[in-house]
Amino acid sequence: MSKMRLQGEGVVQKIEHKSVSQQVEEAIKRYIVQKGLRTGDRLPTERELAEMLGVSRSSVREAIVGLQALGIVESKPKVGITVSEPNVASLIHAVAFNSGLNTEKIFQLNEARLVLETAALKLAVEKADQSDYEAMAETIYRMEAKVEAGESCAAEDLAFHQAIVEATHNPILSQSSHTLQEFFHIISAEGVGAGVSPARILSEHKEIYNAFRQKNVGKCEELMTRHLQRYYFAQRQEGDTEK
């Protein structure tokens, strides 16, 4: 492949297969890294990128849309293409929602959720304040009322888990968890994981909350792991039944 320079700033590879937008995405990401661009820095225009890479503007446009979905760049009128603020949630959102819902993805995202929530517990226990305790307790009260009324409590279930991660006071963890909870809220509406008893979930939430208030990190991690694994196995059983 031939190489081109743009105004003497960085080397990019010219793309021979002009219709492969994923290659354009990779080229733009390499450019951002090689140039050391930071949040808010401007990239070359759509026309300039097309000339640099030897591709059509439509290919560049498609690549930019993909990079926007990943939260890597932004494109605004009168501003141009700029580097976005790092946002892990955007990446998770793209993985969860942009390539179609399937059983294996649900399993993988549930594994990610298990890792994130159990790993966040220690930090959450250390940094939680009274407002965090109240937020967790409120989700339990609301869920209890829904269980007694025989109503769906999926939203309260997920809100409890989000409240725990919010207690870390770490925006990146909170954003990542919120995106995962959004995904699981959608699939719960589809009946996925419905084999888990709401009354049992409520009971386990209370156990986790009590251990959290006692600042017993080990007990919290044990309870949370068991709690999320039960949901995971319920999904596995449903997936096996569908085969």
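So, here is what we can say about the structure in this document. (Residues numbered from 1 in each chain as written. Predicted model: local features only at pLDDT ≥ 70, side-chain atom pairs only at ≥ 80, totals over all residues. Heavy atoms only, no water.)

**Notes on the overall build of the protein**
A count of helices and strands for the protein gives 10 helices and four strands. Looking at the protein residue by residue over its 243 residues, the buried ones come to 41%. With an accessible surface of roughly 13100 Å², the protein has 51% of that area assigned to carbon and sulfur atoms. (Helix = DSSP H or I, 4+ residues; strand = E, 2+ residues; numbered from the N terminus. Buried < 20%, exposed > 50% of the residue type's maximum accessible area, 1.4 Å probe, protein only. Areas by Shrake-Rupley, 256 points an atom, 1.4 Å probe, with all protein chains shown as cover.)

**Structural notes on the environment of Met 143**
Tracing the backbone shows Met 143 in helix α6 (residues 130-149). Under the relative-accessibility criterion, Met 143 is labelled buried at 0%. Sequence-wise, Met 143 and Glu 156 are 13 residues apart; in three dimensions their C-alpha atoms are separated by 5.5 Å.

**A word on the packing of α6 against helix α9 (residues 198-213)**
Packing of α6 against α9 leaves a shortest axis separation of 10 Å and a crossing angle of 160 degrees. It follows that α6 is roughly antiparallel to α9 by the angle criterion. Pair α6 / α9 crosses with left-handed handedness. Counting all contacts with α6, which are made through Gln 130, Tyr 133, Met 136, Ala 137, Ile 140, Met 143, Glu 144 and Val 147, the residues of α9 involved are Pro 198, Ala 199, Ile 201, Leu 202, His 205, Lys 206, Tyr 209, Phe 212 and Arg 213. The residue makeup of the contact of α6 with α9, split by class, is 12 nonpolar, two polar and three charged. (Axes fitted to C-alpha atoms, helices over the stretch in contact; angles between N-to-C directions. Parallel < 35°, antiparallel > 145°, perpendicular 65-115°, else oblique. Left-handed = near helix turned anticlockwise from the far one by under 90°. Contact = heavy atoms within 4.5 Å. Nonpolar A, V, L, I, M, F, W, Y, C, P; charged D, E, K, R; others polar.)

Such coordinate-based values are descriptive only and should not be taken to indicate function.
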